[in-house]
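# A closer look at the structure
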Amino acid sequence: MLLSKHFSKSRSNVYLCMMQSVRDIIDQNLFTVENLVTLLSSSVDDGLYLLKKAGEVKLKTIGNKVYFRGLIELSNVCEKDCLYCGIRKSNDAIERYNLTDEEVLGAARFAFAERYGSIVIQSGEVTNEQFVARIERLIRQIKALSDNKLGITLSLGEQTEAVYRRWFDAGAHRYLLRIESSNPELYRQLHPDDGKHLYQQRLASLKIMKQIGYQAGTGIMIGTPFQTMQDLANDLLFFREFDIDMVGMGPFIEHDDTPFRNPVAGSLSLPERFNLSLRMVAILRLMMPDINIAATTALQAIDPLGREKAVKAGANIIMPNITPGKYRNNYLLYNNKPCTNEEPEQCGGCLDARLSLADSEIGYGEWGDSRHFEKKEKG
Ligand code: 5AD
Ligand code: FES
């Protein structure tokens, strides 16, 4: 009895000290690696304070608008072999598909009619000229069918400078390429050692797209094998250092047909990865108040209200899937991906209803570019 009293007293003292320091870190923007690790691993109560503060900073800085980016998963054909990804080249268990041009344009017309401000064209990484020319043509066609109004974000992996430039000149203005980890050693552990999956190449691609004038988006997975809290803290500092305009990050979820199908020893549980992801979003919102942060689909794979929770914690972008329903079961990057049995029409309404829970307004018909980028442009 006495012993337990003693314990609870000393624990609450420690807890008070922690609380003080966590609040100081947040209130005074003291974002060093050590402090970021403290925030990521702090108590439940401190975590709630963090999420609340980040939500407040978002409202004060960029308001309560959430922007939709209609996601078109153009093809699951991929030349790469990332050890974590369900559409990796070596996965023979999936059927490979390619949307027809008409299906891509149909999805873009749907997004335009639904007044989504932008679309995202995502695909496995393909680098041949036929693919490059096709994307270039599709970008021009989408611009034409929407009277130049639909914003176009690309997420098509590592390409040469010339290719990034062609797509930019055709009308795409944002590019997403996740760094996956800002720690080169961890990057190496997550990718095959075949000379084609190079951290330096990934970084160079990001630099080039920024120079060309794209709004550059990057991101990471949270809870991958071998990742530490220090890695995550450094990832946050990397985003700031790199002066990134948009970030998408979500929990890593095992996929059965990949080398990382089983959790490695010491892995976080899925709920832990989920909570950590919310904290990452919240901290990043405090560190970079005016960037665009996506509430990623992987969050929803763990918690049905995952994306709404991320919006409350500071995210402001949602990517409803507008890929024709029959293909969705083949773009499974991880187990339990949500909404794979739905058609695009079902996604908008479902999101509207959910977002009202997070007290947000949807920025219909607006591009919703990151304020951060706009400020830089104005100089
Ligand atoms: N779990 C979570 N996210 C994944 N991605 C790829 N595989 C997984 C997985 N198993 C993410 C990567 C990639 C993005 C398109 O999807 O970060 O950049
Ligand atoms: Fe396709 Fe990683 S497996 S880019």
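The next thing to look at is the site of ligand 1. Contacts to ligand 1 come from Tyr-84, Cys-85, Gln-122, Arg-178, Glu-180, Met-221, Pro-251, Phe-252, Ile-253, Leu-333 and Tyr-334. Glu-180 is positioned with one of its side-chain polar atoms (N or O) 2.5 Å from an oxygen atom of ligand 1. With the chains in place, 88% of the 400 Å² that ligand 1 exposes on its own is no longer accessible. In this structure the site holding ligand 1 corresponds to the largest cavity. Each residue belonging to the shell around ligand 1 can be placed in one class, and the counts come to eight nonpolar, one polar and two charged.

The subject of this paragraph is helix α2 (residues 33-40). Residues of α2 that are buried: Leu-36, Val-37, Leu-39 and Leu-40. Projected down its long axis, α2 carries its buried residues within an arc of 160°, all on one side.

This paragraph deals with helix α9 (residues 229-241). In this model α9 runs 18 Å from its N-terminal to its C-terminal C-alpha over 13 residues, within 8% of the 18 Å that 1.5 Å per residue would give. Turning to α9, its buried residues are Asp-231, Leu-232, Ala-233, Asp-235, Leu-236, Leu-237, Phe-238 and Phe-239. Note on α9: the residue one or two positions beyond its end, Asp-243, has a positive phi of about 55°.

At a closest axis distance of 9 Å, the pairing of α2 and α9 adopts a crossing angle of 115°. Handedness of the crossing formed by α2 with α9: right-handed. Packed against α2, whose contacting residues are Val-33, Leu-36, Val-37 and Leu-40, the element α9 presents Met-229, Gln-230, Leu-232, Ala-233, Asn-234, Leu-236 and Leu-237 at the interface. Partitioning the contact of α2 with α9 into residue classes produces nine nonpolar, two polar and no charged.

How each quantity is defined
Residues numbered from 1 in each chain as written. Chains lettered and ligands numbered in written order. Predicted model: local features only at pLDDT ≥ 70, side-chain atom pairs only at ≥ 80, totals over all residues. Heavy atoms only, no water. Near = heavy atom within 4 Å. Polar contact = N/O pair within 3.5 Å; in protein donor to acceptor, adjacent residues only side chain to side chain. Areas by Shrake-Rupley, 256 points an atom, 1.4 Å probe, with all protein chains shown as cover. 1 Å grid on protein atoms, 1.4 Å probe; cavity = no way out; pocket = protein on both sides within 12 Å on 5 of 7 lines; lining within 4 Å. Sits in = over half its atoms within 2 Å of the grid points. Nonpolar A, V, L, I, M, F, W, Y, C, P; charged D, E, K, R; others polar. Buried < 20%, exposed > 50% of the residue type's maximum accessible area, 1.4 Å probe, protein only. Helix = DSSP H or I, 4+ residues; strand = E, 2+ residues; numbered from the N terminus. Arc of directions from axis to C-beta. Expected span 1.5 Å × (residues − 1). Axes fitted to C-alpha atoms, helices over the stretch in contact; angles between N-to-C directions. Left-handed = near helix turned anticlockwise from the far one by under 90°. Contact = heavy atoms within 4.5 Å.

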